[in-house]
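Structural overview for review
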Amino acid sequence: MSSPIRVLTAVPICDGHDSAINTINLEFIRHGIEVVYLGFHRYVGDIVRAAIQEDVAAIGISSYNGGHVEFFAEVVRQLGKRGASDIAVFGGGGGTITQDDATVMKRKGVDQIFFAGTSLADMVEYVRQHYGKRRTQVAKVEGDIALARKLTAIEDSFAQRRRRRNAGSTRRFGPERNSKRARVLGFTGPGGAGKTTLIDELVLRFLQRSPKARIAILSHDPSVVGEGALLGDRATMINSQNDRVFMRSMATRGQSGGLSPATEGCLDLLAHSDFDYVMIETVGTGQEALPFRSTLVDQTVLVMNPDYGARLQLQKIVMLDVADIVVVNKTDLERAKAALLEIEHRLAQNKYRQQIVATVAKRHRDHGVDMLYDLIMQDSTAGVSDRRNQTSERQRAATMKTRTR
Ligand code: B12
């Protein structure tokens, strides 16, 4: 298989025992596996939706709450009902799952249960042996499954290109493209600024205020040594666990700068796939990063943490020259007032209209996030091509500036 093995892991509803799965996740990624981690206290429906959208080979469940026989079986049942019975289910739960339980669970379609004392190496080997081969395509798929598998095909073509350097164009994956293009919002900023929580809060507002809107999220996390990746943004997303939201987690797969080699192709497909908005989140970026080409997104949001260090640091953040909106998140922190003033001054040097918004994204019904949502909505009525031209101009200027530093 050309791309790394992808699995999704989760802990069931009414269960906070996440220590085992955290250890197992790390071992998997160290051995080149991409792990989409959904977190703990998760419903069957959320696990199945996420597994389908992420197009994983298998779901690994760590269960300690005693309801494993029913829970695992329901995951298998719902996968089958949604046409994704080729996604395997495996897991463990130490001494809470007995040998007899495991026999019943296997009869109900579970692949494998790992008992207390199994070594991490054995689990990695099992995943490699059983989930490393490309699955035989289910004859006719539609909806989320079809879209998810096209995204995988795009990622695969880039992985093959890296090996053979002659892969075909990604165009062939979108023959039935919708001519309407979704609005694409790009979110970037340093790690730990709260981008994912902010996006999740914006999703809540989109869902509440536009009762029919459909949203896609393309979220990036870094690949690590060994080419595995912990794709953990879903664990922070609460509101995005919704049938009107399609989320895909991507690993950077060796590319620096905040995005993956396949991002552009995947974004193009999503933007023409009947969504109203596509939100793209980069990995945590550094001072020089300009992750979005001007034609890639309609609007850029730079999310910052008030603790960026001395004022001088702001002169070095190139995104401050090009972002349409700068969000200072975590403004409940002590340094927030000073940070807002300093960033305002920094933006004033640019001499064009950039908005600055103060938020506390982790707070429900945060007024700042409401303001951000309103700004984004206002902007959607402005001309997209004008804005792209302006962004393009600013990008060019910012790139020149970094080159001459
Ligand atoms: C650590 C622990 C805790 C920690 C959890 C920390 C955390 N963040 O995970 C704390 C102290 C917080 C805790 C709290 C509770 N706990 Co507790 N906890 C345990 C304990 C001691 C160890 C579990 C563990 O992490 N093992 C380490 C892992 C690595 O090893 P393992 O379990 O043997 O698993 C192996 C395989 O199964 C496999 N595996 C496991 N998962 C997966 C998944 C995949 C995909 C794969 C491939 C493999 C795999 O990996 C291991 C390989 O050797 C168990 C007792 C026990 N000895 O099992 C109780 C236990 C699970 N807890 C129990 C209980 C009751 C609770 C509480 C309800 C107590 C209370 N009244 O407050 C709370 C509930 C917390 C919550 N929110 O859900 C009970 C559950 C009883 C039941 N289901 O009938 C147990 C069994 C203790 C007991 N004997 O009563 N707990």
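Since the structure is predicted, the reported quantities are computational estimates derived from the model, not experimental observations.

1. Some details on the sheet that holds strand E3 (residues 58-62)
Strands sit in the order E5-E4-E3-E1-E2-E8 across an open sheet of six strands; the sheet is parallel. Each having just a single partner strand, strand E5 (112-114) and strand E8 (229-231) make up the two edges of the open sheet. Here the average twist between neighbouring strands, direction ignored, is 25°. Pairing of strand E1 (residues 6-10) with strand E2 (residues 34-37), which is carried by four bridges, proceeds in the parallel orientation. Of the residues in E2, the one forming a bridge with Val7 is Val35. Its contacts with the sheet put helix H3 (residues 68-81) on E3 and strand E4 (88-92), and the angle it makes with E4 is roughly 165°.

2. Digging into the site of the ligand
Taken together, 28 residues surround the ligand, and among them Gly16, Ser19, Gly60, Gly92 and Gly94 come closest. Where the shell around the ligand is concerned, the elements lending two or more residues are helix H1 (19-30), E3 and E4. When residues in the shell around the ligand are grouped by element, the largest group, five residues, is from H1. Along the lines of polarity and charge, the residues of the shell around the ligand split into nine nonpolar, 17 polar and two charged.

3. Concerning helix H7 (residues 195-209)
The end-to-end C-alpha distance of H7 is 21 Å, a good match for the 21 Å that 15 residues give at a rise of 1.5 Å each. If you check which residues of H7 are buried, you get Lys195, Thr196, Thr197, Leu198, Ile199, Asp200, Glu201, Leu202, Val203 and Phe206.

What counts as what
Residues numbered from 1 in each chain as written. Predicted model: local features only at pLDDT ≥ 70, side-chain atom pairs only at ≥ 80, totals over all residues. Pairing = 2+ DSSP bridges. Helix = DSSP H or I, 4+ residues; strand = E, 2+ residues; numbered from the N terminus. Axes fitted to C-alpha atoms, helices over the stretch in contact; angles between N-to-C directions. Contact = placed C-beta atoms within 7 Å. Near = placed C-beta within 6 Å. Nonpolar A, V, L, I, M, F, W, Y, C, P; charged D, E, K, R; others polar. Expected span 1.5 Å × (residues − 1). Buried ≥ 20, exposed ≤ 12 C-beta atoms within 10 Å, placed from the backbone.

The values are spatial; any link to function lies outside them.
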